[in-house]
Amino acid sequence: MLHQILAEIKSIRVMGPEEVMVSHITSDSRQVKPGSLFVAIRGVQVDGHAYIGKAIEAGASVIICEEFSEQVIPEAVRIVVVEDSAFS
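Notes on the structure in this doc start here. (Residues numbered from 1 in each chain as written. Predicted model: local features only at pLDDT ≥ 70, side-chain atom pairs only at ≥ 80, totals over all residues. Heavy atoms only, no water.)

Focus on the overall build of the chain
- Helix and strand content of the chain: two helices and five strands.
- Along its sequence from the N terminus, the chain presents helices and strands in the succession α-β-β-β-α-β-β.
- The C-alpha atoms of the chain give 12 Å as radius of gyration, which agrees with the globular expectation for 88 residues (12 Å, within 12%).
- When the backbone C-alpha atoms are referred to their principal axes, the chain occupies close to 35 × 25 × 25 Å.
- Across the 88 residues in the chain, those meeting the buried criterion constitute 39%.
- Within the structure as shown, the chain displays about 5,300 Å² of accessible surface, and the carbon and sulfur contribution to it stands at 52%.
- Treating the 7 positive side-chain charges of the chain as one cloud and the 12 negative ones as another, the clouds have centres 5 Å apart. (Helix = DSSP H or I, 4+ residues; strand = E, 2+ residues; numbered from the N terminus. Rg over C-alpha atoms; globule rule 2.2 N^0.38 Å. Buried < 20%, exposed > 50% of the residue type's maximum accessible area, 1.4 Å probe, protein only. Areas by Shrake-Rupley, 256 points an atom, 1.4 Å probe, with all protein chains shown as cover. Lys, Arg positive; Asp, Glu negative; His and termini not counted. Charge placed at Lys NZ, Arg CZ, Asp CG, Glu CD.)

A few points about the pairing of strand β3 (residues 36-39)
- Neither face of β3 is exposed, since S36 and F38 on one face and L37 and V39 on the opposite face are all buried.
- Note: strand β2 (residues 24-26) against β3, three bridges, orientation parallel. Within β3, the position partnered with T26 by the bridge is F38.
- Bridge analysis of β3 against strand β4 (residues 62-65) gives three bridges, and the strand direction is parallel. In the strand pairing of β4, V39 is matched with I64.
- Considered for its hand, the β-α-β crossover made up of β3, helix α2 (residues 52-57) and β4 is right-handed. (Pairing = 2+ DSSP bridges. Right-handed = clockwise from strand over helix to strand, strands pointing away.)

See below:
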């Protein structure tokens, strides 16, 4: 459950209820499947934030990121904004 994951990280803001099942955790949008938690990590060559939309389209139920533009997201998707997604 998301609330169990959130107990272990320092979040800045959580958008949506914390009662959601998480079936899989990944930082690779190509591995997202329905129920996944996608962690958008800034890398040296690639910024995972650019793949948030793709992860949502693939069925991610939770996105952990450092920043999130107020774009329209499906109601079932939870957004968790953290200070540093690489170490959260």
